[in-house]
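Tertiary structure, described
Each chain is listed here by its residues.
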Amino acid sequence: MTSGLWELVLDGVWVTVQLLVLSSLLATAVSFVVGVARTHRLWIVRFLAGFYTEVFRGTSALVMIFWVFFVLPPAFGWQLVPLWAGTLALGLTYGAYGSEIVRGALAAVDPAQREGGIALSFTPWQRMKLILLPQAVPEMIPPFSNLLIELLKGTALVSVMGMGDLAFSGNLVRLALQESAEIYTYILLVYFVIAFLLTRIMRGLEKKLKAGVGKAAVRDPDVELKRPETTDVGGAVR
């Protein structure tokens, strides 16, 4: 490929990374707000959070991008640039899935921990901040890691808006070179590399968070576990 085509592909990688970061931040915020709301003591709060979750889990992410980009702006008399439209659609959609991860992790915390917080006269916010979240967050990391990979693959949907992400830029290069195998193979490899790096980052974060709450087991595969030596009455080592 010529330098101009390489530059086009690299620009597409950068756009995809920007979209991934922005939409994942929005999805994370939505996940925690809605997930915590699903455990609220007021039924109306739980109902509204559950309604939001069901709506966004039950609709297509592709159609949601169309709706946010083509339907929502004219209704309010303004226009969204493709990057922000994609961020909003993907962040709200994947945030709905993430809210179930948060809700499930909070529900899995030992009830005795909640009772201990009540016995100490903690407010609901203090129990959430000091007791529940520190124990639940490490358990959220593996499913959040999977969701992040799904979000990465979902960023390719924004190409329908003409946004110059990796998928859109790669398709332009394919049309220019009339070479499908090489270009699409390169695109697959780029997505794989990004996904692999995200997986390693999330795995490191999981270990760090679990170590903070005393759940990480120190394991070294290079060290062979040996049975401790014992001695009998005569002093001989067995």
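Reading guide: rules and limits
Residues numbered from 1 in each chain as written. Predicted model: local features only at pLDDT ≥ 70, side-chain atom pairs only at ≥ 80, totals over all residues. Heavy atoms only, no water. Helix = DSSP H or I, 4+ residues; strand = E, 2+ residues; numbered from the N terminus. Buried < 20%, exposed > 50% of the residue type's maximum accessible area, 1.4 Å probe, protein only. Contact = heavy atoms within 4.5 Å. Areas by Shrake-Rupley, 256 points an atom, 1.4 Å probe, with all protein chains shown as cover. Polar contact = N/O pair within 3.5 Å; in protein donor to acceptor, adjacent residues only side chain to side chain. Salt bridge = Lys/Arg side-chain N within 4 Å of Asp/Glu carboxyl O. Phe/Tyr/Trp six-rings, centres within 6.5 Å; stacked < 30°, edge-to-face > 60°. Axes fitted to C-alpha atoms, helices over the stretch in contact; angles between N-to-C directions. Parallel < 35°, antiparallel > 145°, perpendicular 65-115°, else oblique. Left-handed = near helix turned anticlockwise from the far one by under 90°. Nonpolar A, V, L, I, M, F, W, Y, C, P; charged D, E, K, R; others polar.

**Some points on the overall build of the protein**
Within the protein, the secondary structure is distributed over 8 helices and 0 strands. In sequence order, the secondary structure elements of the protein are arranged as α-α-α-α-α-α-α-α. Counting the 238 residues in the protein, one finds 34% classified as buried. The long-range share in the protein, meaning contacts at least 24 apart out of those at least 6 apart in sequence, stands at 72%. Summing over all exposed atoms, the protein offers an accessible surface of approximately 14,400 Å²; the carbon and sulfur share of this is 66%.

**With respect to the environment of His40**
Examined against the element boundaries, His40 turns out to sit in the loop between helix 1 (3-37) and helix 2 (43-57). The exposure class of His40 is partly exposed, given its relative accessible area of 30%. Taking the C-alpha atoms as reference points, His40 and Pro124, 84 residues apart in sequence, are found 9.4 Å from one another. Each residue touching His40, except ones within four places of it in the same chain, is listed here: Val45 and Arg46. One polar contact links the side chain of His40 to the main-chain amide nitrogen of Leu42, over a distance of 3.0 Å.

**Topic: the pattern of salt bridges**
The tally for this structure, following the rule as stated, stands at 5 salt bridges. A salt bridge links Arg38 to Glu100; its shortest N-O distance comes to 2.6 Å. Taken together, the residues span a long stretch of sequence, with Arg38 in the loop between helix 1 and helix 2 and Glu100 in helix 4 (residues 82-107) at a distance of 62 residues. Between Arg57 and Glu54 there is a salt bridge, with its nearest N and O atoms 2.8 Å apart. Residue Arg57 and its partner Glu54 are located together in helix 2, separated by 3 residues, close to a single helical turn.

**A look at the environment of Arg41**
By secondary structure assignment, the location of Arg41 is in the loop between helix 1 and helix 2. According to the relative accessible area criterion, Arg41 is exposed, its value standing at 65%. With 83 residues separating them in the primary sequence, Arg41 and Pro124 have C-alpha atoms 9.6 Å apart. With residues up to four places along the chain from it excluded, the contact list for Arg41 reads Arg46 and Pro124.

**Things to note about the packing of aromatic side chains**
Counted by the stated rule, this structure contains 8 aromatic pairs. Residues Trp43 and Phe47 carry aromatic rings whose centres are separated by 6.5 Å and whose planes lie at 55° to one another, so their mutual orientation is tilted. Taken as a pair, Trp43 and Phe47 lie in helix 2 at a separation of 4 residues, close to a single helical turn. Judged by its relative accessible area of 47%, Phe47 is partly exposed.

**Focus on unusual backbone geometry**
Backbone geometry places Ser121, a non-glycine residue, at a positive phi of 65°. Mapped onto the fold, Ser121 is located in the loop between helix 5 (111-119) and helix 6 (124-154). With a relative accessible area of 61%, Ser121 lands in the exposed category.

**Some remarks on the packing of helix 4 against helix 6**
Where helix 4 contacts helix 6, the axes come no closer than 8 Å and their chain directions differ by 140°. When the interaxial angle is binned, helix 4 and helix 6 end up oblique. Note that helix 4 runs across helix 6; the crossing there is right-handed. Judged by residue contacts, Leu90, Tyr94, Tyr97, Gly98, Ile101, Val102, Ala105 and Leu106 of helix 4 engage Met128, Leu132, Leu133, Ala136, Met140, Pro143, Phe144, Leu147, Glu150, Leu151 and Gly154 from helix 6. Split by residue class, the contact of helix 4 with helix 6 holds 16 nonpolar, 2 polar and 1 charged.

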